[in-house]
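Chain by chain, the residues run as shown.
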Amino acid sequence: MGNGAPPLVETRDLTMHFPLPSGLVDRLRGRPAEVVRAVDGVSLAIAAGETVGLVGESGCGKTTFGRCLVRLYEPTSGDLRFRGESLLGHDAAAVRRLRRSVQMIFQDPYSSLNPRKTVRAALSEVLRVHRICPEAEVPARVAGLLERVGLSAALADRYPRQFSGGQRQRIGIARALAVEPAFIVADEAVSALDVSIQAQVLNLLAQLQDDLGLTYLFIAHNLGVVRHIADRVAVMYLGTIVEVQAAATVFDQPLHPYTQALVRAIPTLDRGRAARPTTAAIEGDPPSPMAVPAGCRFHPRCPYAMPVCREVAPVLAPQPGGPAVACHLYPGQPAAAGAVSVNIGTGA
Amino acid sequence: MATTSTHAAPTARPRAAWPAVPGLRLPPTLLVGGVLLAVVVALAVMAPLLTPYGPLDQDLLNAKKPPSWGHPFGTDNFGRDVLTRVLFGARVDLLIGLVPTAITFVVGVSLGAVAGYFGGRVDAVLMRLVDIAVAFPFFVLLIALVAMLGPGLRNMIVAISLVGWISYARIVRGEVLVARQAEYVLAARTLGFGDARIIAGHLLPNVITAAIVFSMADIVLNILLGTALSFLGLGPQAPTAEWGRMIQEGRQFIASGEWWMTTFPGLAIVVVAVAFSLIGDGLADLLRVEDRV
Amino acid sequence: MTPPPILRVRGLETSFATSGGLVRAVDGVSFDVGPGEAFGLVGESGCGKSATCRSIIGLLPGHATTAGAVEFNGQNLLAATPEAMRRVRGAEIAMVFQDPMTALNPVARIGDQVAEAVRAHQRVGHRAARARALELLRLVGIPAPERRLDDYPHRFSGGMRQRVVIAIALAGEPRILLADEPTTALDVTIQDQILTLLVRLQAELGMSVVLVSHDLGVVARVCQRVAVMYAGQIVEQGPVETVLGAPRHPYTIGLLASLPGIAGRARYLRPIPGAPPSLLDPPSGCRFHPRCPFATERCPTWAVERLPVGPDHDAACWRQEAIAEESRLAAVGTT
C-alpha cells in the first residue's frame, strides 16, 4: 500500500444486513425481524493497479460485498470510499461518477447479457447513455471494444445466443470496459467456463490490466484462479474477513485456521503431497449467516479453539511481514472481556 | 451433452421446420388466426358496401323471415337483415374486445412492472389493491360497476378496464420479480442506467411475452363479457347492432323455430374467438422460440 | 499380473438425434476398470464423459443410440434386456449425480429414502431396512444419524445431502460406483469431505469407482488411473501420476498448462487456442489437430489410434518424438 495517495477503493466497517420478511404475528408481538448478516464489518483497502482476490465459500458474503462496492446494494452501515471520497449517503452526482469508474463482470455468461439486444445495441447503449463519445464515433468505438476483448467486429450484429460461453464472457467484459472504468469487480467471472476457455479469459483480464492499468477485486471460490491472478488475497468467512495476505505467500503459509483448511482442501495434482489422504481438511458445514456464533465465528469448526474464542470476536490485526489475520492464536487481539467470563469459559 | 454441443456452435441452429414464408417463419396457427381476423376486420370495415340494407332499417312486412337469397341470414322480428346486423355488429364487438384489452394491457403491464421492479411500499400498496379486487367475484364486480356507471357501450368499456388490468399487473409483476435478479439487469444497473430505461429497455422486452399471449385470450374474454353484459341489458342499448344484444333479443323466438336470429351472431362470436385464440397460440409458439437462448 | 477388469468398455459409441443432426457424443471409447480401482474420466463440457458414464448404466434419454460393448461380469450391458439392466442397476453398478439438491425426494424422510433403497435390493423387513439405513448413514459420515433418520432433505446441507445420496447408492452393495461430477455443486471444503469419503469407501468396501469430473485435481485426489476425453474420444489414458506428471497427448499438455495456480505464478497462462469442435461435424483425423501446436499436415488424415507410450499408458497422438523432445526442453528450461 502506498503511503501518500489514498487507496483507490476502501471500505471501512462495511456492513450489509438483509432483514428477513417477518410474519404479521411476529410483528404484532414486537419480535425484532431476523436479519441475514451477509457482510458484517468489512474493512478492506485496494490500491490502484492491484488485484485483490476475495475467496470464501458460498454464503460467506463475498458476492454481497462485491455488489455493495458497485452500489447494487445500499450498505446498512460503514463507509465506502473511492479515491478517498466517501460515496455513501445520497449524493446522486457522486454515485453517477462512481458508476462510471466502478464496473462489474458477472458470473453467468448465459444470463448476464440481455437476450433481446444485439452486441452492437448493448454496447452502443452504454456509450450513448454516458456520452462516452460523439454519436458518429459510436460504431468505431463498438468495433474497438470488441477487438480489445479478442472478438471480431464483424460479430457485432449477432445476438448473445449466437455466441459460446467464453465469447459471451468477453462481451460482458467489453460492456464493462465501455465506460472506461478504473476498478472492476469480477464476481466469479471465469467460474462457469471450461479450463481451456477459462485460461483464455484470465489472460485477457491480465492483458487489460497491463494495458489499461485496471484495478480488480476478483471474487472466486476457485483458489487456483485466485492464486494465479491476485496480488493479495482476502479470505472471507461468515461475513467477515479473517485473513489478508500476499497471494505469493498465503497458499504456502496460511495463518488463519480457516485459510489453512481451505488451502488444504484444494485438490492438487501434486500427488506426492496429497497422496489421497483419508481425512478431510475440515469437518462440518459453515453456520448460517442468520445465526452467527458468538466470539470468533469460526470457533465451532476450529481445531485450535480456545475459551477466549467463544467470548471475544477477534479483529483483523497486522502481523510482521505484511499479512493481517483475525485469530486469537496471533498477537494483536483484544483481551477477554473480563476475568469472570473467562472463568466461566474455562470452567465449562 | 446435446445442449452443450449447441453452445459451442458459433451460429444459431435452424429452428423447427415451419412452412417457409420468405423472410419470416410463422407458426401455422398464427397465420390461420391472422387471416381469419383480417377477414373479419375487412368485413366489418366494408360492411356498408357489402349489403344493401342498413343495420337499423326495419321492414315489418318481412319480419322473422328464414334465410333466403335476399336475406342470407334471415330477418329479425323488426324485419332487419340479420347479416347486415352481424356485419355492423362486428364493429361494436371488436371495439369491445380491443379497446378494454388495450387499456388494461398498458395500465396493468406498467403497474406490474413498476411494482415488481421497485418492490417495497409501491408493491405492497398495489398488491393489496389487487387482493381487494380479486376478493370479489369478477363478474359480480363488473355488473356492480356497470350498474353504478349506468348501462351503455362506453360505461361497459370503462367497467371492464377498471377490473381487467389486474391480471396483467399480476403476470408482469411475477415475471419482473424473477427477471430483475438476472445478471443482465444487474449489469444495466451497474452501468448506471436509469430505472425507466432498465424497465422499458431491458426488463419489459424480456417479460412481456406472457402478457401478450394472455392479451389474446383476454380479447376473446372481453368480447364474451361484452356480449354477456349486453345480454343482461347492461351494454349498448337497442337498437344498436351488437352480437350479445342480438342474441338476447332473438332468444324469445328460439322456441317458435326462428333460430337464425340467435345462431348467426353466436357463430360470429365463435369465429372471432377462434381467430384470437389461434393468434394467441401462434404468438406463444413464436415468442417462446425467440426467447430460446 | 493384475486381476481381470470388472468393467470392460469396448468401442462405445453414443449418439443423440437432435434437430441439427446426429451428435456423436461418444465415439469409440474403450477402457477397463479393475476391481477395487478408482478410475477417472476427465475432460471439458461436451467431451462425452457424462454420456459415457450414463451409457454404462443405461440411463440415456430416448433419442440416444449406443453401439459397442460394455462388459460387466461377462455380460454386455448394452445388449441386456431392460429387466436384466434393472437387476444390475443399484445392486451391481450404482450412480451418484451432480446435484444433491434435486437428487432426493423433498417430501420423504431421509431414513425412509435410504430404507426404500435397501428394500429395493434385499428382501428384508421394515425394521431391518431401517437398521441398515442407519448403518449406511453412519458409514457415509452423517453425524448422529439416529437423530437424523426422520428429518426431511431440506434440513440437510448440500454436503450432507450428497452423503445421503451416496448412502442410497451403497444400499444395494454395488461393486462399481459411478460418480458424475459428484462435488461440482459443492464448496471446496465440502468437496474435500466428499472426496475423502469416496477414497475411504473405495478402500473399506473394495468397491470400484468411476469418477467423472472436469477437474483434474478432483480426479487426482481420488483416482489411480485416468482417461482424458476430448470431442467424444479418449485421447490419453494411464496411471494418474504419469498422465498428469508426464502427459503425452497435446490436449492433456494444453489442459495442464491452462490450469491457473498450478504452474508457478506466471503472469500469463498458456491456454489452448480456439474452442472444442461441434460434435455434429468434428474435424477429420485427430480431432484436436485444429488447436494443436504439434499438428502437421498428416494429422487431419491420421487414422486415430491409441499408441502405447509407457507402462499401462497410451496416448492417441503419433507425434510422440516431438512431444518427448518438447518436454525434455521444458525440463531443461525449468532447472
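Note that the structure is predicted; figures quoted are calculated from it, not measured.

Asks: Before we go on, may I ask you to explain the interface of chain B and chain A in this structure?
Replies: Note: interface size is frequently given as the accessible area lost on complex formation between the parts. On the chain A side, the residues contacting the 27 residues of chain B number 30 residues. Overall, the association of chain B and chain A removes approximately 2,600 Å² of surface from exposure, summing both partners, and the carbon and sulfur fraction of that is 53%. Between the two partners, chain B and chain A, sit one salt bridge. Here Arg197 of chain B ties to Glu125 of chain A by a salt bridge, and the two come within 2.9 Å at their closest N and O atoms. Inspection of the region where chain B meets chain A yields 11 residue pairs in polar contact (both at pLDDT 80 or more). Looking at the side of chain B that touches chain A, the elements with two or more residues in it are helix H8 (183-190), helix H9 (195-231) and helix H11 (260-291) of chain B. Split into classes, the residues belonging to the side of chain B that touches chain A amount to 12 nonpolar, eight polar and seven charged.

Asks: I would appreciate a short explanation of the packing of aromatic side chains in the present structure.
Replies: Aromatic ring pairs are reported here in terms of the distance separating the ring centres and the angle at which the planes meet. Scanning all chains against the criterion turns up 14 aromatic pairs over all chains. Aromatic pair Tyr258 of chain A and Phe298 of chain A: ring centres 5.3 Å apart, planes at 65°, arrangement edge-to-face. One end of the pair, Tyr258 of chain A, is in helix H10 (residues 257-265); the other, Phe298 of chain A, is in the loop between helix H11 (271-274) and helix H12 (307-311), and 40 residues separate them in sequence. Pair check on accessibility: Tyr258 of chain A and Phe298 of chain A agree, each one buried. Their ring planes at 85° and their centres at 5.0 Å tell us that Tyr117 of chain B and Phe118 of chain B sit as a pair that is edge-to-face. A residue is classified by how much of its surface remains accessible, and Tyr117 of chain B, at 9% relative accessible area, is buried. When its relative accessible area of 42% is taken as the criterion, Phe118 of chain B is described as partly exposed. An aromatic cluster of at least three residues, connected via ring pairs, comprises Phe73, Trp259, Trp260 and Phe264 of chain B. Directly above the ring of Phe193 of chain B sits Arg197 of chain B, whose terminal nitrogen or CZ lies 5.8 Å from the centroid. Arg148 of chain C extends its terminal NZ or CZ atom over the ring of Phe156 of chain C, reaching a point 4.1 Å from the ring centre.

Asks: Which parts of the structure should I look at to understand the nonpolar core?
Replies: Generally speaking, a soluble globular protein has its nonpolar side chains buried in company with each other. Ranked by internal contacts, the top residues of the largest apolar core, which has 102 residues, are Leu7, Phe31, Ile93, Ile166 and Leu178 of chain C. Here this core gathers at least three residues from each of two domains, domain 1 (1-92 + 176-335) and domain 2 (103-173) of chain C. Apart from residues lying up to four places away in sequence, Ile93 of chain C is in contact with Ile56, Ile57, Phe72, Leu77, Val88, Pro174, Ile176 and Leu178 of chain C. In this structure, Ile132, Ala156, Val190 and Cys302 of chain A belong to the second largest nonpolar core, which totals 87 residues.

Asks: It is not clear to me how the environment of Gly125 of chain C should be interpreted in this structure. Could you clarify?
Replies: Residue and element names in this part refer to chain C. Along the chain, the position of Gly125 falls in the loop between helix H3 (110-121) and helix H4 (126-139). Here Gly125 falls in the partly exposed class, since its relative accessible area comes to 38%. Placed 135 residues apart in sequence, Gly125 and Pro260 show a C-alpha to C-alpha distance of 53 Å.

Asks: Can you help me understand the sheet that holds strand E6 (residues 93-96) of chain C in this one?
Replies: Two strands in a sheet stick together by hydrogen bonds in their backbones, pointing the same way (parallel) or opposite ways (antiparallel). Residue and element names in this part refer to chain C. Ordered in space as E6-E7-E8-E3-E9-E10-E12-E11, the eight strands form an open sheet in which the pairing is mixed. Two strands lie at the open edges of the sheet, namely E6 and strand E11 (307-310), each paired on one side alone. Looking at each pair of strands side by side, their axes are set apart by 20° on average, direction ignored. In terms of strand pairing, strand E7 (residues 176-180) meets strand E8 (residues 208-213) through five bridges, oriented parallel. Looking across to E8, one finds that Ala179 is bridged to Leu211. Helix H6 (residues 158-170) rests against E6 and E7 of the sheet, and its axis sits at about 170° to E6.

Asks: Would you take a moment to explain the pattern of salt bridges for this structure?
Replies: Between side chains of opposite charge, pairing is possible as soon as their charged atoms come close. Here the structure, examined in full by the defined rule, presents 43 salt bridges over all chains. A salt bridge links Arg85 of chain B to Glu249 of chain B; the shortest N-O distance between them is 4.0 Å. Taken as a pair, Arg85 of chain B in helix H4 (residues 82-118) and Glu249 of chain B in helix H10 (residues 243-250) lie far apart in primary sequence, 164 residues in all. Under the relative-accessibility criterion, Glu249 of chain B is labelled buried at 17%. Between Lys49 of chain C and Glu181 of chain C there is a salt bridge whose closest N-O contact spans 3.8 Å. Linking Lys49 of chain C in helix H1 (residues 49-57) with Glu181 of chain C in the loop between E7 and helix H7 (188-205), this pair joins segments that are 132 residues apart in sequence. Take Lys49 of chain C: its relative accessible area is 4%, and that puts it in the buried class. Here the salt bridges do not stand alone but share partners, grouping Asp76, Arg80, Arg85, Arg245 and Glu249 of chain B into one network.

Asks: Which parts of the structure should I look at to understand the interface of chain A and chain C?
Replies: With 41 residues of chain A in contact, the opposing surface of chain C contributes 47 residues. Roughly 3,800 Å² of surface becomes buried between chain A and chain C when both sides are summed, with 53% attributable to carbon and sulfur atoms. Counting the contacts that link chain A with chain C gives one salt bridge. Linking Arg267 of chain C and Asp210 of chain A is a salt bridge whose minimum nitrogen-to-oxygen distance equals 2.8 Å. Across the chain A-chain C interface, the total number found is 19 residue pairs in polar contact (both at pLDDT 80 or more). Breaking the side of chain A that touches chain C down by element, the ones donating at least two residues are helix H7 (195-212), helix H8 (223-229), helix H9 (247-250) and H10 of chain A. Here the side of chain A that touches chain C is composed, by residue class, of 19 nonpolar, 13 polar and nine charged.

Asks: I keep staring at the sheet that holds strand E1 (residues 9-19) of chain A and nothing clicks. Help me out?
Replies: Residue and element names in this part refer to chain A. Taking strand neighbours across the sheet as the criterion, the four strands line up as E2-E1-E4-E5 in an open arrangement whose pairing is antiparallel. Strands at the two margins of the open sheet, each flanked by one partner only, are strand E2 (35-46) and strand E5 (85-86). The pairing of E1 with strand E4 (residues 77-82) spans five bridges and is antiparallel. Considered in E4, the bridge of Thr11 is made with Leu80. Against the sheet, helix H2 (residues 62-69) contacts E1, E2 and E4, and its axis sits at roughly 115° relative to E1.

Asks: I keep staring at the pairing of strand E7 (residues 183-187) of chain A and nothing clicks. Help me out?
Replies: Side-chain direction in a regular strand flips from residue to residue, so the side chains alternate between the two faces of the sheet. Residues and elements named next belong to chain A. Counting buried positions along E7 gives five out of five residues, so the element sits mostly inside the fold. Of the two faces of E7, the one holding Phe183, Val185 and Asp187 and the one holding Ile184 and Ala186 are both buried throughout. Judged from the five bridges that link them, E7 and strand E8 (residues 215-220) form a sheet pairing that is parallel. When the sheet's bridge partners are listed, Ile184 is paired in E8 with Tyr216. Crossover connection from E7 via H7 to parallel E8: handedness right-handed.

Asks: So what exactly am I meant to see when it comes to the packing of H4 of chain B against H9 of chain B here?
Replies: The axes of two packed helices give the description: the angle between them and the distance between them. All names here are of chain B. For the pair H4 and H9, interaxial distance at closest approach is 7 Å and the crossing angle is 145°. In this structure, H4 meets H9 at a crossing whose hand is right-handed. In terms of residue class, the contact of H4 with H9 is built from 17 nonpolar, seven polar and three charged.

Thresholds applied
Residues numbered from 1 in each chain as written. Chains lettered and ligands numbered in written order. Predicted model: local features only at pLDDT ≥ 70, side-chain atom pairs only at ≥ 80, totals over all residues. Heavy atoms only, no water. Contact = heavy atoms within 4.5 Å. Buried area = accessible area lost by both parts, 1.4 Å probe. Salt bridge = Lys/Arg side-chain N within 4 Å of Asp/Glu carboxyl O. Polar contact = N/O pair within 3.5 Å; in protein donor to acceptor, adjacent residues only side chain to side chain. Helix = DSSP H or I, 4+ residues; strand = E, 2+ residues; numbered from the N terminus. Nonpolar A, V, L, I, M, F, W, Y, C, P; charged D, E, K, R; others polar. Phe/Tyr/Trp six-rings, centres within 6.5 Å; stacked < 30°, edge-to-face > 60°. Buried < 20%, exposed > 50% of the residue type's maximum accessible area, 1.4 Å probe, protein only. Lys NZ or Arg CZ within 6 Å of the ring centre and 35° of its normal. Core = buried A, V, L, I, M, F, W, Y, C linked by side-chain atoms within 4.5 Å. Domains from an automatic or database assignment. Pairing = 2+ DSSP bridges. Axes fitted to C-alpha atoms, helices over the stretch in contact; angles between N-to-C directions. Right-handed = clockwise from strand over helix to strand, strands pointing away. Left-handed = near helix turned anticlockwise from the far one by under 90°.

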